[in-house]
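Architecture at a glance
Here's the letter readout for the chains.
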Amino acid sequence: MLSPRGAGAEPPAAARPFRVLRLADLVTVRVRIRSVVVCVALLAAVTCTGLYTLTTGDYRIPVGDVVRALLGGGDQATRFVVGELRLPRLLTGILVGGALGASGAVFQSITRNPLGSPDVIGFGTGSATGAVIALVLAHGSPLAVSAGAVAGGLLTATAVYLLAFRRRSVQGFRLILVGIGVTGMLTAFNQWLLTRASLNDAVTVQVWLTGSLNGRGWSQVVPLAVAMAVLLPLVLLLNRGGDLLEMGDDSAHALGLAVERTRLLMVLIAVALVAVATASAGPITFVALAAPQVARRLTRAPGVGIGAAAAMGALMMPVSDLAAQRALSSELPVGVATGAVGGIYLVFLLSRQWRRGR
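A brief report on the enclosed structure follows. (Residues numbered from 1 in each chain as written. Predicted model: local features only at pLDDT ≥ 70, side-chain atom pairs only at ≥ 80, totals over all residues. Heavy atoms only, no water.)

**Looking at the overall build of the protein chain**
Within the protein chain, the regular secondary structure consists of 15 helices and 4 strands. Looking at the 358 residues of the protein chain, the share that counts as buried comes to 48%. Pairs at least 24 residues apart make up 70% of the contacts formed inside the protein chain by residues separated by at least 6 positions. Working note: accessible area of the protein chain is about 18,100 Å², and carbon and sulfur atoms make up 66% of it. (Helix = DSSP H or I, 4+ residues; strand = E, 2+ residues; numbered from the N terminus. Buried < 20%, exposed > 50% of the residue type's maximum accessible area, 1.4 Å probe, protein only. Contact = heavy atoms within 4.5 Å. Areas by Shrake-Rupley, 256 points an atom, 1.4 Å probe, with all protein chains shown as cover.)

**Re the packing of aromatic side chains**
The geometry of an aromatic ring pair comes down to the distance between the two centres and the angle between the two planes. Counted under the stated rule, the structure contains 2 aromatic pairs. Both rings, one in Phe107 and one in Phe123, keep their centres 5.0 Å apart while their planes meet at 50°; by these two values the pair is tilted. One end of the pair, Phe107, is in helix H3 (residues 76–111); the other, Phe123, is in helix H5 (residues 123–136), and 16 residues separate them in sequence. Phe123 carries the same exposure label as Phe107, and that label is buried. (Phe/Tyr/Trp six-rings, centres within 6.5 Å; stacked < 30°, edge-to-face > 60°.)

**A look at the nonpolar core**
Core analysis: the biggest nonpolar cluster contains 50 residues, and Val96 and Ile284 have the highest contact counts within it. Contacts of Ile284, omitting those with residues within four sequence positions, involve Val96, Leu100, Asp119, Gly211, Ser212, Met317, Val334, Gly335 and Thr338. Among the nonpolar cores identified, the runner-up in size contains 20 residues, and Leu42, Ile61, Leu90 and Ala308 belong to it. (Core = buried A, V, L, I, M, F, W, Y, C linked by side-chain atoms within 4.5 Å.)

**Description of the packing of helix H1 (residues 33–55) against H3**
It is the contact of H1 with H3, at a shortest axis distance of 10 Å, that shows an interaxial angle of 145°. Along this stretch, H1 crosses H3, giving a crossing that reads as right-handed. Contacts from Val46, Gly50, Thr53, Leu54 and Thr55 in H1 reach Val82, Arg86, Leu87, Leu90 and Ile94 in H3. Tallied by class, the residues present in the contact of H1 with H3 amount to 6 nonpolar, 3 polar and 1 charged. (Axes fitted to C-alpha atoms, helices over the stretch in contact; angles between N-to-C directions. Left-handed = near helix turned anticlockwise from the far one by under 90°. Nonpolar A, V, L, I, M, F, W, Y, C, P; charged D, E, K, R; others polar.)

**Remarks on helix H8 (residues 199–210)**
In a regular helix each residue adds 1.5 Å, so 12 residues correspond to 16 Å; H8 covers 17 Å between its end C-alpha atoms and thus fits that length. Where H8 is concerned, the buried positions are Asp201, Ala202, Val205, Trp208 and Leu209. Viewed end-on, H8 has its buried residues packed into an arc of 130°, placing them on one side of the element. Exposed side of H8, more than 90 degrees from the buried face: Leu199 and Asn200 are the residues found there. Along its buried surface, H8 packs onto H5, helix H7 (172–196) and helix H12 (259–281). Gly211 sits one or two positions beyond H8 and adopts a positive phi of about 95°. (Expected span 1.5 Å × (residues − 1). Arc of directions from axis to C-beta.)

**Structural notes on the side chain of Ser320**
Within the secondary structure, Ser320 sits in helix H14 (residues 306–326). Residue classification places Ser320 among the buried residues on the basis of a relative accessible area of 13%. In contact with Ser320, not counting residues within four places along its chain, are Val334, Ala337 and Thr338.

**With respect to the environment of Trp218**
Within the fold, Trp218 resides in helix H9 (residues 218–237). Look at Trp218 and you get partly exposed, because its relative accessible area is 33%. Sequence spacing of Trp218 and Arg89 is 129 residues, and the spatial spacing of their C-alpha atoms is 8.5 Å. When residues no more than four places from it in sequence are discounted, the contact partners of Trp218 are Gly83, Glu84, Leu87, Pro88, Leu91 and Pro223. Of the polar contacts made by the side chain of Trp218, one reaches the backbone oxygen of Gly83; its length is 3.0 Å. (Polar contact = N/O pair within 3.5 Å; in protein donor to acceptor, adjacent residues only side chain to side chain.)

**Some remarks on the pattern of salt bridges**
Taken as a whole and judged by the stated rule, the model has 2 salt bridges. The shortest N-O distance in the salt bridge between Arg68 and Asp65 comes to 2.3 Å. Taken together, the positions of Arg68 and Asp65, both in helix H2 (residues 63–70) and 3 residues apart, correspond to about one turn of that helix. A residue is classified by how much of its surface remains accessible, and Arg68, at 45% relative accessible area, is partly exposed. The class for Asp65 is partly exposed, based on a relative accessible area of 24%. For Arg89, the salt bridge is made with Asp321, and the minimal N-O distance between the two is 2.9 Å. Residue Arg89 is found in helix H3, and its partner Asp321 is found in helix H14; the two are separated by 232 residues along the sequence. Residue Asp321 is classed as buried on the basis of its relative accessible area of 5%. (Salt bridge = Lys/Arg side-chain N within 4 Å of Asp/Glu carboxyl O.)

**What about the side chain of Thr338?**
Position of Thr338 among the secondary structure elements: in helix H15 (residues 334–357). In this structure Thr338 comes out as buried when scored by relative accessible area, which is 5%. Here the side chain of Thr338 touches Thr285 through a polar contact of 3.3 Å, landing on its backbone oxygen. A distance of 3.2 Å separates a polar atom in the side chain of Thr338 from the backbone oxygen of Gly335. The residues touching Thr338, leaving out its near neighbours within four places in the chain, are Ile284, Thr285, Phe286, Val287, Met317, Ser320 and Gly343.

Below, the structure written as structure tokens:
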């Protein structure tokens, strides 16, 4: 007979890395304590970064005046600068970063590969292609450009998924390889469209393709916030299925998971997150690649935590935008900062994978 601390007994509650919460005796949720602490710390860092961002610029504002303006007080000039110029840009960056971080976590979970990022697989490039077509060929309004980005992302995801579908399943490595090929073709097509555009359209498209938060207003914040309020809870509900998929299709199927249906639903939601993020700020690179991996190292969780990845992405975007605004005493598009840092991270990741392969 085993003692209470024997091999067959559960560890005491204080020693468990998670807590089990019951919501109205209907839903049981397992919460990892370290992951919750990391998410809270990341959100606190987002808040501090946001407050600092709202105070800086050509018109410097003390923190106290920023807080009063956010609460509806202060003078009219301060309320205008904070509420109409800086806050929409900040919120757009936070929401875009959260969407990219969550989508990157989903794709890395599905492919079981740290390189399984939507900007590597090509879904971000597909959204960019849809937007470029709307800009160059249709001379569309901002709403038409956003619709083109969403449509382009969904069509690209459908094509990649069908091309990678073999023997009634989609393998992660095949999805990445097909996505890389599609990315190359779409990038060449985007460059061809630039050669056919007028000078003004070409300049607009080139700035948009870099990824920028310049000039973002509430017209970008509101639809992005609504989309995040719908899509993020859905992908969090499917998070358990993603953890099972990381164990392999056979193991997930043996545990009762509808593998292909779960994978398809997660892909569709993740692509929608990438599409709305791209429609709002352009194709921001490497946030979806780096945020889930950094969050995973902080939480030390066995799976790719979608909530922690979203919080990390929400921190990376305003920090990158702040660095881009202050670099070289000139404002740069945020995509320049994320591309520079993300390129270094990608080299590190590839070298690490190569050393493991040896």
